[in-house]
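Each chain, written out:
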Amino acid sequence: MKSISDILLNRKTIRKYSGRNVDEELLRDLLTKGCRASTTGNMQVYSIIITRDDTKKKELAPFHFNQKMITEAPVVLTFCADFNRFNLWCRENKAEPGYDNFLSFFTAAIDALLVAQTVCIAAEDEGLGICYLGTTTYTADRIIESLKLPKGVVPVTTVTLGWPAEYPEQPDRLPLEAIIHNEIYNDYSEHDIKNYYSQKEEREDSQKFIRENNKETLSQVFTDVRYKKNDNIYFSKILMKVLNDQGFMNQ
Ligand SMILES: Cc1cc2nc3c(=O)[nH]c(=O)nc-3n(C[C@H](O)[C@H](O)[C@H](O)COP(=O)(O)O)c2cc1C
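Quick caveat: nothing in here was measured; it's all calculated off a predicted structure.

1. Concerning the site of the ligand
Every residue near the ligand is listed here: Arg11, Lys12, Thr13, Arg15, Gln67, Met69, Cys131, Tyr132, Leu133, Gly134, Pro171 and Arg173. Side-chain polar atom of Thr13 to an oxygen atom of the ligand: 2.5 Å apart, as the coordinates give it. Arg173 has a polar side-chain atom sitting 2.9 Å from an oxygen atom of the ligand. Calculation on the ligand without its partners gives an accessible area of 620 Å², and the protein chains cover 62% of this total. Ranked by residue count, the leading element in the shell around the ligand is strand 3 (residues 129–133), at three residues. When its residues are assigned to classes, the shell around the ligand shows five nonpolar, three polar and four charged.

Quick look at the structure:
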């Protein structure tokens, strides 16, 4: 059996899944472990929507820009920041909730992401493959409609889950030195940046990425192709409206 260190050090995102199902008992076990993650004030201000139905997956697919994992994975999990349930409990108990603000959304989003990541580790520990879908925050308005999320609930991330049908190479990471700061933040010199990113830039897959996108540098692939300013502004506006409509921007 693999140790937790092996799992953490060797994990990688899996985007292709075999036809094998993830049985209900196993899924419940993963979700039970996930819900053991730390949670603000033990409020558990999150909900998890399980999608197994093919028709529903097809309905969700365009909201994830038709990434094939949505329809090919046996299980799709949408993790939501959720103050609805907690607000209802407060109101049923003569307590007036004050959670209609951005701070509360952020709190619930942190809770939801901690559960998501814990479910992912539990899944990887079982040999399952997972892929996060960041598209959830781009099209939260459509996902809210599709999953019938009430006020107080906002989807923050989606995870596809299934038995791996690919064994990709593990992607790179920046050296730890690039990430850590001892005691205080040590801002980066030009030389530091060159040094920390050089390995990533020199990799064959990065070079291929640059060529395929007709760009000069790897940074340009991010700024001009993958995560463009105009897209960021466009999807930011949608998300701000979602937060407003779902009742998190009242103060
Ligand atoms: C919040 C978040 C959103 C992501 N969104 C997507 C996505 O929409 N599509 C995808 O194929 N991978 C997505 N990923 C997976 C990342 O691309 C992947 O984690 C990264 O390339 C590093 O690879 P690794 O997980 O194999 O180490 C996402 C990961 C995170 C944490």
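There is more to say after this.
2. Concerning the pattern of salt bridges
Per the counting criterion, the structure on display carries 15 salt bridges. Lys33 is the salt-bridge partner of Asp29, the closest N and O atoms lying 3.0 Å from each other. Here Asp29 and its partner Lys33 are both found in helix 2 (residues 24–34), four residues apart, which amounts to about one turn of the helix. In this structure, a network of salt bridges that share partners links the residues Asp172, Lys200, Arg203 and Asp205.

3. What to know about the side chain of Lys57
Position of Lys57 relative to the elements: it lies in helix 3 (residues 54–60). Accessibility expressed as a relative area gives 3% for Lys57, which makes it buried. A polar atom in the side chain of Lys57 sits 2.8 Å from the backbone oxygen of Ala73. With residues near it in sequence (within four places) discarded, Lys57 still touches Thr51, Arg52, Ile70, Thr71, Ala73, Pro74, Val75 and Val76.

4. Some details on the packing of aromatic side chains
In the structure shown here, the tally under the stated rule is 14 aromatic pairs. Ring geometry for Phe83 against Phe86: centres 6.1 Å apart, planes inclined by 80°, an arrangement best described as edge-to-face. Here Phe83 and Phe86 have matching classes, each one buried. On the numbers, 4.7 Å between centres and 15° between planes, the contact of Phe83 with Tyr99 is stacked. Residue Phe83 is located in the loop between strand 2 (75–82) and helix 5 (84–91), and its partner Tyr99 is located in the loop between helix 5 and helix 6 (102–125); the two are separated by 16 residues in the primary sequence. Aromatic rings pair up to connect Phe65, Tyr138, Tyr234 and Phe235 into one cluster. Above the ring of Trp163, the side-chain terminus of Arg20 is found at 3.9 Å from the ring centroid.

5. Re the sheet that holds strand 3
Ordered by their spatial adjacency, four strands build an open sheet running 1-2-4-3, and the pairing between neighbours is antiparallel. Whereas interior strands pair on both sides, the edge strands pair on one side only; in this sheet they are strand 1 (46–51) and strand 3. If you compare each strand with its neighbour and ignore which way they point, the axes differ by 25° on average. The pairing of strand 3 with strand 4 (residues 153–162) spans five bridges and is classified as antiparallel. Bridge pairing links Tyr132 to Val159 in strand 4.

6. Looking at helix 12 (residues 229–245)
Between its terminal C-alpha atoms helix 12 stretches 24 Å, which fits the 24 Å expected from 17 residues at 1.5 Å a residue. Of the residues making up helix 12, those classed as buried are Phe235, Ile238, Val242 and Leu243. The arc that holds the buried residues of helix 12, viewed along the axis, is 140°, so those residues lie on one side. For helix 12, the exposed residues lying more than 90 degrees away from the buried face are Lys229, Asn230, Lys237 and Lys241. At the C-terminal side of helix 12, Gly247 shows a positive phi close to 85°.

Criteria and thresholds
- Residues numbered from 1 in each chain as written.
- Predicted model: local features only at pLDDT ≥ 70, side-chain atom pairs only at ≥ 80, totals over all residues.
- Heavy atoms only, no water.
- Near = heavy atom within 4 Å.
- Polar contact = N/O pair within 3.5 Å; in protein donor to acceptor, adjacent residues only side chain to side chain.
- Areas by Shrake-Rupley, 256 points an atom, 1.4 Å probe, with all protein chains shown as cover.
- Helix = DSSP H or I, 4+ residues; strand = E, 2+ residues; numbered from the N terminus.
- Nonpolar A, V, L, I, M, F, W, Y, C, P; charged D, E, K, R; others polar.
- Salt bridge = Lys/Arg side-chain N within 4 Å of Asp/Glu carboxyl O.
- Buried < 20%, exposed > 50% of the residue type's maximum accessible area, 1.4 Å probe, protein only.
- Contact = heavy atoms within 4.5 Å.
- Phe/Tyr/Trp six-rings, centres within 6.5 Å; stacked < 30°, edge-to-face > 60°.
- Lys NZ or Arg CZ within 6 Å of the ring centre and 35° of its normal.
- Pairing = 2+ DSSP bridges.
- Axes fitted to C-alpha atoms, helices over the stretch in contact; angles between N-to-C directions.
- Expected span 1.5 Å × (residues − 1).
- Arc of directions from axis to C-beta.

Taken by themselves, the reported measurements are silent on function.
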